[in-house]
Amino acid sequence: MTLADLKTSLSEKRYDAVEGAFAEALLDPLPNAEWLLSAVRGLGRVAPQKSRLQALATDADSVLRAVPGAEAARLRWELLKEAVKAGATPTTTDGFHRLFESALSGAYPEAASLPALLGHFKFRDAKTPADGMARLEKLEKWVPFEVGRVFTMAGRGPGKVVGTNFQLDAVRFDFEKAKGISIPIGVAAKSLVPLPEGHFLRDKLLAADRLAARAEADPADALRHLLESEGKALTLSEVKEAFAGLVPEERWTAFWTAARKHPQVLVHGSGKSARIEWSHSAEAAEDKLLAKFEKSTLEDQVDFYRKHGRRSAELSAKLAGCLAAEARRFRATDPAAAFEIAVVIDGAPGVDLGFDLEELVPENLVPFLSKVPDRLARERALDAHVRRFPHRAAEALAEWFFREDDVRTLEAIDRRLREIAPEDRETLHDRLLKNPRHGPKAFFWHAQKAAEEEAFRARLGPAVLGRLLDAVGWSELAGVRTKLKEMFDRTGLAASWLVKQATVDEARLFLEALHRHHDLEPHRVRALVSAAEMRFPELRKKTEDETVFATVEAIEAMRRELDQILKVEIPENTKGIQQAAQEGDLSENFEYKARRDRQQLLSARAGKLQEQLAHARPLDPAAVDPSEVRPGTRVTVSGDSGQRVLTLLGPWDSRPDDGVYSYLSDLGKALLGKRPGDTAIVLGERIEIRKIEAWK
């Protein structure tokens, strides 16, 4: 009898048929577990059939008790619970207590805490089967959470049970990053997943050092352990989170690069959302890749080959063979597409295109290049054009230079022009610097080169840097805006020009342009103004209102922090950026992005410190006039709360708990200028100035 037949039989009150089918299902109970449970629930909803239900529950218990294995024991317990909840009162000659305890113990054979739980919930005090089962259902929630067992919880990761509190109805856990966390038993039963022996997250919690050593020695094997433990594909973000604390942040990119090269690792997609899968064999992995390739569009197939074409010679030959056929098909109708495909698979073993790919490059190059999105293919086409049409090469290179978006290709064009037409190259650079909006990416590239090479830096001047300030707000350069702004940092391109190249008149013109722009943060503007004024003191403006008084100790502490940032932290981070950039694909390079963000924070902090130090003036106790309250005075005051002493120092000296306040604070401003005998409102209280003396 199927589940649908069971439902029909119950609705038609054919209970004898249900009873017969129940007996038949008990002949092979485990495959029929769902049907047996549904039958008990169905009969329980029919009041006159309680006696029949009682008999069936007794039969089921008798049969399942004799069937070996945990699955049968679990089914026995579930059927017993359903029968009792439906109103049956199964028992034995020893009473229902012994029957229930036997079934529960069979369902949880490894629960060492079961006897203690039975005692805590006073199961033996139950007078009826219904009361006893109600107590056992409460008890059952606690059974999985024995002290020492390990679970995982979304948002918290792996955690070990370290205690239970029946009064608070909660289980206490030590998680990886938080200890002694109490979780209500109801939440724990729904939200925590047990971790078996050998699970990656369990090992991470209990044997982190061993797992970290494994990740260091064999990244791919550690990745396999994680993916097989989870039993599913994970996103790259999930993988990185799982290895947090095992693989240092600065080692992550190298770890991931090594792990993903294993022939059984499959990476679907890119970036943080890429799905990572472990295949049971290298052959199975390649079969999956080939099947996915065959279902993809041509554009995706080209990208697919770039990512996976070097996994093995066999896979490369299969993928390249398919793409070669597409290149031949497009050769006449879309030579740009055919060329890009041919470049991608050029050199693949055992693949013959049947034509010379360079013959696809036309004399009129720019329209052709506009249809080639791949950078390497464009560079290959530019080189081919130089060889095929040398009389048009310089003109074509110069024309495409203003349209190119990739700085690497711009570098290649500049290098080619230097070789074949140096005068045309000089003219091209002059055109670019006069009209940078004609080639925004080329202008950005030129600025980067100026930061590296003297020949490019020699072309800088107030006008060029003014246009570079304009470029910060250009929409075409939105993707590199952060890098553009860094050129105006204290150690950036503009500051270097001010300090090493600019004349006083050029510096004045640049500062005028700087103050007309509003895209740079104030700390960058102040740093550049400071650099110009240090080089040319005559540019400095007197701004007494901006002077800030502080103790020598506070000023020295700020100088030490600034030196640490400029001489240690920024150089170390810059080196880290360069090393991280060499690891490969920046879209998956978490270390590179983290170091770029840190570089911005360090630059901002350095700029802030420089600004503060530029306006700081040291307080000298010997020079303080105590005739009235001013910075550097100690003031004795009295009010309703009694007498106390307040010291007014600089904003970086403030320690309110010790009675030391900034003279720029509300309290300080309320006292400044007061003399003995004057009154003021301080912290909501009227106080009188009793005594003023120099701070010591």
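All values derive from a computational prediction rather than experimental measurement.

Engineer: Looking at this model, I keep getting lost on unusual backbone geometry. Mind explaining?
Structural biologist: What is expected of a backbone is that most residues other than glycine have negative phi and most peptide bonds are trans. Positive phi, close to 50°, is recorded for Lys122, a residue that is not glycine. Along the chain, Lys122 turns up in the loop between helix H7 (114-120) and helix H8 (129-142). With a phi angle near 60°, Asp169 is a residue other than glycine that sits in the positive phi range. With respect to the secondary-structure elements, Asp169 resides in the loop between strand S2 (157-165) and strand S3 (170-175).

Engineer: Help me understand the pairing of S3, please; the structure alone is not making it clear to me.
Structural biologist: The two faces of a sheet get side chains in turn, since along a regular strand they alternate between them. Pairing of S2 with S3, which is carried by six bridges, proceeds in the antiparallel orientation. Paired with Gly159 across the strands is Phe175, a residue of S3. Between S2 and S3, which follow one another and run antiparallel, lie four residues, and Asp169 among them has a positive phi close to 60°. Alignment of S3 against strand S4 (residues 181-184), held across four bridges, turns out to be antiparallel. Looking at the pairing, Arg172 lines up with Ser182 of S4.

Engineer: Whenever I open this one, the packing of helix H2 (residues 15-25) against helix H3 (residues 33-44) confuses me. Can you help?
Structural biologist: Geometrically, a packed helix pair is captured by the angle between its two axes and the distance between the axes. Between H2 and H3, whose axes approach to 10 Å, the crossing angle comes to 150°. Here H3 runs roughly antiparallel to H2, going by the angle between their axes. The chirality of how H2 crosses H3 is left-handed. Across the interface between the two elements, Tyr15, Val18, Ala21, Phe22 and Ala25 from H2 touch Trp35, Leu36, Ala39, Val40 and Leu43 from H3. Residues of the contact of H2 with H3, tallied by class, amount to 10 nonpolar, no polar and no charged.

Engineer: It is not clear to me how the side chain of Ser638 should be interpreted in this structure. Could you clarify?
Structural biologist: Assignment of secondary structure puts Ser638 in strand S11 (residues 633-639). In this structure Ser638 comes out as buried when scored by relative accessible area, which is 13%. One polar contact links Ser638 to Arg690, side chain to side chain, over a distance of 2.8 Å.

Engineer: Please clarify how the packing of aromatic side chains should be interpreted in this entry.
Structural biologist: Aromatic ring pairs are reported here in terms of the distance separating the ring centres and the angle at which the planes meet. For the structure on display, the rule yields 22 aromatic pairs. Ring centres 5.5 Å apart and planes at 35° place the aromatic pair Trp252 and Phe255 in the tilted group. Here the residue Trp252 and the residue Phe255 both occupy positions in helix H14 (residues 252-260), the gap between them amounting to three residues, near one helical turn. Look at Trp252 and you get buried, because its relative accessible area is 2%. The buried category is assigned to Phe255, whose relative accessible area is 4%. A network of ring pairs unites the aromatic residues Phe200, Phe243, Trp252, Phe255 and Trp256 as a single cluster. Its end group placed over the ring of Trp474, Arg437 keeps NZ or CZ at 4.4 Å from the ring centre.

Engineer: For this particular structure, what's the right way to read the nonpolar core?
Structural biologist: Looking at soluble globular proteins, one finds that nonpolar side chains tend to be buried together. Residues Phe488 and Phe510 are the most contacted members of the largest nonpolar core, which totals 92 residues. With eight residues, helix H18 (residues 335-345) is the largest single contributor of residues to this core. Among all residues touching Phe488, those that are not within four sequence positions of it are Leu465, Leu468, Leu469, Val472, Ala494, Phe510, Leu520, Arg524 and Leu528. Of all hydrophobic cores here, the second largest spans 34 residues; its members include Leu80, Val84, Leu118 and Val143.

Engineer: What is the right way to read helix H24 (residues 440-452) from this model?
Structural biologist: Side chains three or four residues apart in an α-helix point the same way, a direct result of the helix having 3.6 residues per turn. With 13 residues, H24 extends 19 Å between its outermost C-alpha atoms, agreeing within 8% with the 18 Å of an ideal straight helix rising 1.5 Å per residue. Those residues of H24 that fall on the buried side of the exposure criterion are Pro440, Ala442, Phe443, Phe444, Trp445, His446, Ala447, Lys449 and Ala450.

Engineer: What am I meant to see in the pairing of strand S14 (residues 679-682) here?
Structural biologist: The two faces of S14 differ: Ala680 and Val682 on one face are buried, but Thr679 and Ile681 on the other face are not. Examined bridge by bridge, S14 and strand S15 (residues 685-694) share four bridges and lie antiparallel to one another. Directly across from Ile681, in S15, lies its bridge partner Arg686. The antiparallel hairpin formed by S14 and S15 contains two residues in its connecting segment, where Leu683 sits at a positive phi of about 55°.

Engineer: What exactly am I supposed to notice about the sheet that holds strand S12 (residues 642-649) here?
Structural biologist: Think of a sheet as strands paired side by side through backbone hydrogen bonds, with each pair either parallel or antiparallel. What the five strands build is an open sheet, ordered S13-S12-S11-S15-S14; its pairing is mixed. Each edge of the open sheet is held by one strand with a lone partner, namely strand S13 (660-662) and S14. Averaged over all pairs of adjacent strands, the angle between strand axes in this sheet comes to 45°, irrespective of strand direction.

Engineer: Explain the environment of Val150 here, please?
Structural biologist: You can see Val150 is positioned in strand S1 (residues 150-153). Separated by 451 residues in sequence, Val150 and Leu601 place their C-alpha atoms 39 Å apart. In contact with Val150, not counting residues within four places along its chain, are Gly159, Lys160, Val193, Pro194, Leu195, Arg202, Leu205 and Leu206.

Cut-off values and rules
- Residues numbered from 1 in each chain as written.
- Predicted model: local features only at pLDDT ≥ 70, side-chain atom pairs only at ≥ 80, totals over all residues.
- Heavy atoms only, no water.
- Helix = DSSP H or I, 4+ residues; strand = E, 2+ residues; numbered from the N terminus.
- Pairing = 2+ DSSP bridges.
- Axes fitted to C-alpha atoms, helices over the stretch in contact; angles between N-to-C directions.
- Parallel < 35°, antiparallel > 145°, perpendicular 65-115°, else oblique.
- Left-handed = near helix turned anticlockwise from the far one by under 90°.
- Contact = heavy atoms within 4.5 Å.
- Nonpolar A, V, L, I, M, F, W, Y, C, P; charged D, E, K, R; others polar.
- Buried < 20%, exposed > 50% of the residue type's maximum accessible area, 1.4 Å probe, protein only.
- Polar contact = N/O pair within 3.5 Å; in protein donor to acceptor, adjacent residues only side chain to side chain.
- Phe/Tyr/Trp six-rings, centres within 6.5 Å; stacked < 30°, edge-to-face > 60°.
- Lys NZ or Arg CZ within 6 Å of the ring centre and 35° of its normal.
- Core = buried A, V, L, I, M, F, W, Y, C linked by side-chain atoms within 4.5 Å.
- Expected span 1.5 Å × (residues − 1).

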